[in-house]
Each structure stands twice: as C-alpha cells, then as structure tokens.
Amino acid sequence: QVQLVESGGGLVQPGGSLRLSCAASGFTLDYYTIGWFRQAPGKEREGVSCISSSDGSTYYADSVKGRFTISRDNVKNTVYLQMNSLKPEDTAVYYCATGPLRTILSNTAPYWGRGTQVTVSS
C-alpha cells in the first residue's frame, strides 16, 4: 500500500530555513514522481516542487524558485524539500503527494500524505 509521511514542519522566523521530509513506502522513487504542495488558510492548494521518477528532473513554482530545493535519497526512499530564505507568505500546510508525473503537474495525484505545518513568523 502506498503511504507517505511528512515531517520537519515547525515555526521559523523570516529568513530562516527548514527541511521537510517525505518518507515513502509501498513503492520506490523510480516508480512514481513525488511532489510537494501547500495550502494556506482560505486559499487553494498549490504546487511547490516535484522531482521526476524517470530522470530526476526537478520543477519549482515561480514563488519558490531559487529558495527551495527538492532532492531524493533512493536508499532511504525519502524526498526532501530544503526551504531557505523563508517568507511569511510561505506559511501553509505542506503536503507530499505521489503518482505519475502528469498527475503531479496537474494537481491530481492519487496519493497524499497528511501534511505538516510550516509557520514563518517573528
């Protein structure tokens, strides 16, 4: 059974850094793409970043480009999201999702974690 467990969220000050982890089970990272999404209160869920299962290509939303980095550890079967230079507008629940790349890019992934809260505030 495909399962995703996020961790690493918390409270950080503006300009700080945080690393989120997504531990995957039931599949390997060369089978399904993994993406990170976020949802702030009262707003639609938006894609943040993803890493392709086929060739490791990475994708980033314009709002996080240059600040966030997605990576994967195939031995640990874990995907990470390193978040630097955090801004208050980054505050959201961050979700890990997996499925074929096309579903990640279209925000229709079939499998989702429960999310981890990231709060950026002084």
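These notes cover the structure that comes with them. Not measured: the values here are computed from a predicted model.

1. Observations concerning the packing of aromatic side chains
Taken as a whole and judged by the stated rule, the model has four aromatic pairs. Ring geometry for Tyr31 against Tyr32: centres 4.6 Å apart, planes inclined by 55°, an arrangement best described as tilted. With a relative accessible area of 17%, Tyr32 lands in the buried category. With centroids separated by 6.2 Å and ring planes inclined at 40°, the aromatic side chains of Tyr32 and Tyr111 adopt a geometry described as tilted. With Tyr32 in the loop between β3 (18-25) and β4 (33-39) and Tyr111 in strand β10 (residues 111-112), the pair connects residues that are 79 residues apart, well separated along the chain.

2. Some remarks on the state of the cysteines
Applying the stated criterion to the full structure yields one disulfide. Note on cysteine connectivity: Cys22 is disulfide-linked to Cys96, with sulfurs 1.9 Å apart. Here Cys22 and Cys96 share a disulfide; its torsion about the S-S bond, -75°, makes the bridge left-handed. One end of the pair, Cys22, is in strand β3; the other, Cys96, is in strand β9 (residues 92-99), with 74 residues separating them in the sequence. Cys96 shares its class with Cys22; the two are buried. With no disulfide of its own, Cys50 lies closest to Cys96 among cysteine sulfurs, the gap being 11 Å. Classification of Cys50 by relative accessible area gives buried; the value is 3%.

3. Some words on the sheet that holds β3
What holds strands together in a sheet is hydrogen bonding between their backbones, with the strands either parallel or antiparallel. With respect to topology, four strands assemble into an open sheet ordered β1-β3-β8-β7, the strand pairing being antiparallel. Either end of the sheet is taken by a strand with one partner, and the two such strands are β1 (3-7) and β7 (68-73). Direction aside, the axes of adjacent strands within the sheet are offset by 15° on average. Pairing between β3 and strand β8 (residues 78-83): six bridges, direction antiparallel. Each residue of the ladder has a partner; that of Leu18, found in β8, is Met83.

So, how was this worked out
Residue positions are counted from 1 within each chain, in the order its sequence is given. Only residues with pLDDT of at least 70 get local features here, since the model is predicted, and only at 80 or more are side-chain atom pairs given and counted; chain-wide, interface and lining totals rely on the full set of residues. Side-chain metrics rest on all non-hydrogen atoms present in the structure, leaving aside hydrogens and water. In this scheme Phe, Tyr and Trp rings, the latter by its six-membered ring, pair at centre separations within 6.5 Å, and the angle between planes marks the pair as stacked below 30 degrees, edge-to-face above 60, and tilted otherwise. Whether a residue is buried, partly exposed or exposed follows from its accessible area with a 1.4 Å probe, protein chains only, as a fraction of its type maximum: under 20%, in between, or over 50%, in that order. A run of H or I in DSSP counts as a helix once it spans at least four residues, and a run of E counts as a strand once it spans at least two, with each numbered from the N terminus. Cysteine sulfur atoms that come within 2.5 Å of each other are treated as a disulfide pair. The criterion for strand pairing is that DSSP finds at least two bridges linking the strands in question. Fitted lines through C-alpha atoms give the axes, limited to the stretch in contact for helices. The angle between two N-to-C directions lies from 0 to 180 degrees.

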